[in-house]
Amino acid sequence: MKLIFERSIPGHGQTLLPHCDVPEITLDAPGRETPLHLAELSENDLSRHFTELSKQVHGVNCGFYPLGSCTMKYSPKLDEDMAALPGFTDIHPLQPAHTAQGCLHVLHEAAQQLCVITGMDEMTMQPAAGAHGEFTGLLLIKSYHRSRGDDKRTKIIVPDSAHGTNPASASMAGFTIVNVPSRADGCVDLEKLKAAVGDDTAGLMLTNPNTVGLFDKNILEITKIIHDAGGLNYYDGANLNAVMGIVRPGDMGFDVVHVNLHKTFATPHGGGGPGSGPVGCKAFLADFLPGQVVRCADGVYTLSTPEKSIGCVRGFHGNFLVAVKALTYLMMLGREGVPEAARNAVLNANYLMHRIKGSYPPAVDGICMHEFVASMDKAKHEFGVSATDVAKAMLDYGIHPPTMYFPLIVHEALMFEPTETESKATLDETADILLEIMERAKSDPDSLHAAPLTAPIGRPDEVTAARQPVTRYVFEQ
Ligand SMILES: *Cc1c(COP(=O)(O)O)cnc(C)c1O
């Protein structure tokens, strides 16, 4: 497919402004030295270009998207309708609070409901994504220790199954990372955890269910080990879809939590649109929250900056319209619908796992939560077919591949997260396709090495793409 600049024909652009019929003024300011390089296309060609582009990608609206850890569920269109209401879109963030009561009500209500779900006392809606929430939450932990004069707490403990953003955020927040290994059953090794804590422990970062798709049954003991050592517990809420409305991080011993509105609470994501990673905390940390917090007294909403605020992590109230979508979604589901969605997410993952486990052995035995990890290690040794080969073959069947090679502790990992919004028919169809792919691995492995045959891009050179990315178009002068 041609790039928009390659479709451009000089003189074919659309002129939107009428001819100038007043004397032209030349600005006495330094001008551009190189041309602006705007593509020149008719509106018709422009429309075709972007429609063509949209057909080259796979989204939840095109087909099944079991990308583990990412919760690619269907987002009801009603959320978009609510976020498009002029009362929400035509507002200025600097408007005085008394002229924006409706919007403040939404922010307050969304924060309250998320507090109820997570078991936290206060919530900031400022962070723009999960990783941004992690960074924010770690700054809360840092400020807490500092405020008590406890400056030697410089280490954050992260299990080896953690999402890559956890150690990255801890490092950005100025901490050093201590890794604790998982046991063969996928849970944190308690003895190793006890050996890792000390008076330099600032806290622990953990997601539960973890990235192997298991609920760590020792969670209360884990968070107690950290608390006893004087550290705080951070909950990576990206996997909340498995447990929302059923158990609460606040009751598991966590002090700070982020949630991914764009995963769990129905904002489309993955190359599309803004996200949001609200951070909740227990009351003793609320004074450190960033930005302005919405308060309500006698039905009037006001804004105030917490006393020892870490400052702003983003402009104003973060991605406000994502909060509108999350609140709409929560109100649609209601108190019974939230845990029901979680249960169905877990049921769907177990169903798919069960149907394919004869060919795709799970990394850990037993019942999974909302996702499961299968290992292609054996198939690779026996038939020379890797996790990548299976993922590429799936593209030819119109299914987005699962997450590959994550978590790092499982060799040739394929991580499936079907989500609750898929029907049994879709899961059965996918299971049949996966079983067929494994039959092909046995009888004709080369056909899998050649896949995909139907995708616009087959097997890009991933190393070069990562090491020497070409991110801008070079114009001929
Ligand atoms: C997605 C994810 C994150 C990071 O969230 P972003 O919104 O992508 O920054 C962190 N932890 C886990 C387990 C995740 O799945």
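The residue numbers shown here count from 1 along each chain, following its written sequence. Under the rules for a predicted model, residues below a pLDDT of 70 receive no local features and side-chain atom pairs below 80 are neither given nor counted, while totals for whole chains, interfaces and linings still include all residues. Each side-chain value is derived from all of the structure's non-hydrogen atoms; neither hydrogens nor water enter the calculation.

1. A word on empty space enclosed by the protein
A water-sized probe, rolled over the atoms, reveals where empty space remains.
Okay, so step 1: Each cavity reported here is a set of points on a 1 Å grid over the protein atoms alone in which a 1.4 Å probe fits but cannot get out, each pocket an open set with protein on both sides within 12 Å along at least five of seven lines, and each lining residue one with an atom within 4 Å of a point. Grid points are joined across faces, edges and corners, and a volume is the space filled by probe spheres set on the points. Scanning all chains against the criterion turns up two cavities of 30 Å³ or more.
Okay, so step 2: Its boundaries defined by the atoms lining it, the largest cavity holds a volume of some 90 Å³.
Okay, so step 3: Lining the largest cavity are 13 residues; nearest its centre among them are Pro159, Ser161, Leu206, Thr207 and Asn210.
Okay, so step 4: Each residue gets one of three labels, nonpolar for Ala, Val, Leu, Ile, Met, Phe, Trp, Tyr, Cys and Pro, charged for Asp, Glu, Lys and Arg, and polar for the others, Gly among them. Residues of the lining of the largest cavity, tallied by class, amount to six nonpolar, six polar and one charged.
Okay, so step 5: In this structure, the second largest cavity spans a volume of roughly 60 Å³.
Okay, so step 6: Split into classes, the residues belonging to the lining of the second largest cavity amount to 10 nonpolar, one polar and one charged.

2. A closer look at the side chain of glutamate 134
Okay, so step 1: Numbered from the N terminus, helices here are DSSP runs of H or I no shorter than four residues, and strands are runs of E no shorter than two. Of note, glutamate 134 is situated in helix 6 (residues 130-147).
Okay, so step 2: Nearest to the buried, unbridged glutamate 134 among oppositely charged side chains is lysine 263, at 7.6 Å.
Okay, so step 3: Any two residues having at least one pair of non-hydrogen atoms within 4.5 Å are treated as being in contact. Leave out the neighbours within four places in its chain, and glutamate 134 touches Thr165, Asn166, Ser169, Met205, Tyr234, Asp236 and His258. For every residue, the accessible area obtained with a 1.4 Å probe (protein chains only) is divided by the maximum for its type, and the residue is called buried under 20%, exposed over 50%, and partly exposed between those limits. Within this scheme the basic residues Lys and Arg register as positive and the acidic residues Asp and Glu register as negative, but His and the chain ends are omitted. Criterion for a salt bridge: a side-chain nitrogen of Lys or Arg within 4 Å of a carboxyl oxygen of Asp or Glu.

3. Examining the pattern of salt bridges
Okay, so step 1: Taken as a whole and assessed by the stated rule, the structure comprises 20 salt bridges.
Okay, so step 2: Put simply, lysine 192 and aspartate 189 hold a salt bridge, and the shortest N to O gap is 3.7 Å.
Okay, so step 3: For aspartate 189, a relative accessible area of 15% puts it in the buried group.
Okay, so step 4: Residue lysine 424 pairs with aspartate 428 through a salt bridge whose shortest N-O separation is 3.0 Å. On the criterion of helical spacing, the pair formed by lysine 424 and aspartate 428 is a turn pair, its members being four residues apart in helix 14 (residues 424-443).

4. What about the site of the ligand?
Okay, so step 1: If a single non-hydrogen atom of a residue is within 4 Å of a molecule or strand, that residue counts as near it. In the neighbourhood of the ligand, the contacting residues comprise Ser69, Ala129, Gly130, Ala131, Glu134, His163, Thr165, Asp236, Ala238, Asn260, His262 and Lys263.
Okay, so step 2: Polar contact is the term for a pair of N or O atoms within 3.5 Å; when the atoms are in protein, one must be able to donate a hydrogen and the other to accept it, and sequence-neighboring residues count only if both atoms are side-chain atoms. A distance of 2.5 Å separates a nitrogen atom of the ligand from a polar side-chain atom of aspartate 236.
Okay, so step 3: Here asparagine 260 contributes a side-chain N or O atom positioned 3.0 Å from an oxygen atom of the ligand.
Okay, so step 4: Across the complex, the protein chains shield 87% of the 380 Å² of accessible surface that the ligand would expose by itself.
Okay, so step 5: Mapped by element, the contributors of at least two residues to the shell around the ligand are helix 6 and helix 10 (261-264).
Okay, so step 6: Top element by residues in the shell around the ligand is helix 6. It accounts for three residues.
Okay, so step 7: Its residues assigned to classes, the shell around the ligand shows three nonpolar, six polar and three charged. Residue-level accessible areas treat just the shown protein chains as cover; the underlying method is Shrake-Rupley with a 1.4 Å probe.

5. Describing the layout of surface pockets
Okay, so step 1: In this structure, the largest pocket occupies an estimated 650 Å³ of space.
Okay, so step 2: Taken together, 24 residues form the lining of the largest pocket, with Gln56, His58, Leu395, Ala455 and Pro456 sitting closest to its centre.
Okay, so step 3: Sort the elements by how many residues they give to the lining of the largest pocket and helix 13 (residues 387-396) lands first, with three residues.
Okay, so step 4: When its residues are assigned to classes, the lining of the largest pocket shows 13 nonpolar, nine polar and two charged.
Okay, so step 5: In this structure, the second largest pocket encloses a volume near 460 Å³.
Okay, so step 6: Lining the second largest pocket are 24 residues, and of these Ile91, Pro93, Phe316, His317 and Phe320 sit closest to its centre.
Okay, so step 7: At the level of elements, helix 4 (86-89), helix 5 (101-118) and helix 11 (320-356) are the ones that each hand at least two residues to the lining of the second largest pocket.
Okay, so step 8: Examining the composition of the lining of the second largest pocket, we find that four residues originate from one element, helix 11, more than from any other.
Okay, so step 9: Its residues placed into classes, the lining of the second largest pocket shows 15 nonpolar, eight polar and one charged.

6. Focus on the environment of methionine 404
Okay, so step 1: Along the chain, methionine 404 falls in strand 11 (residues 403-404).
Okay, so step 2: The spatial distance from the C-alpha of methionine 404 to the C-alpha of aspartate 446 is 20 Å, given a sequence separation of 42 residues.

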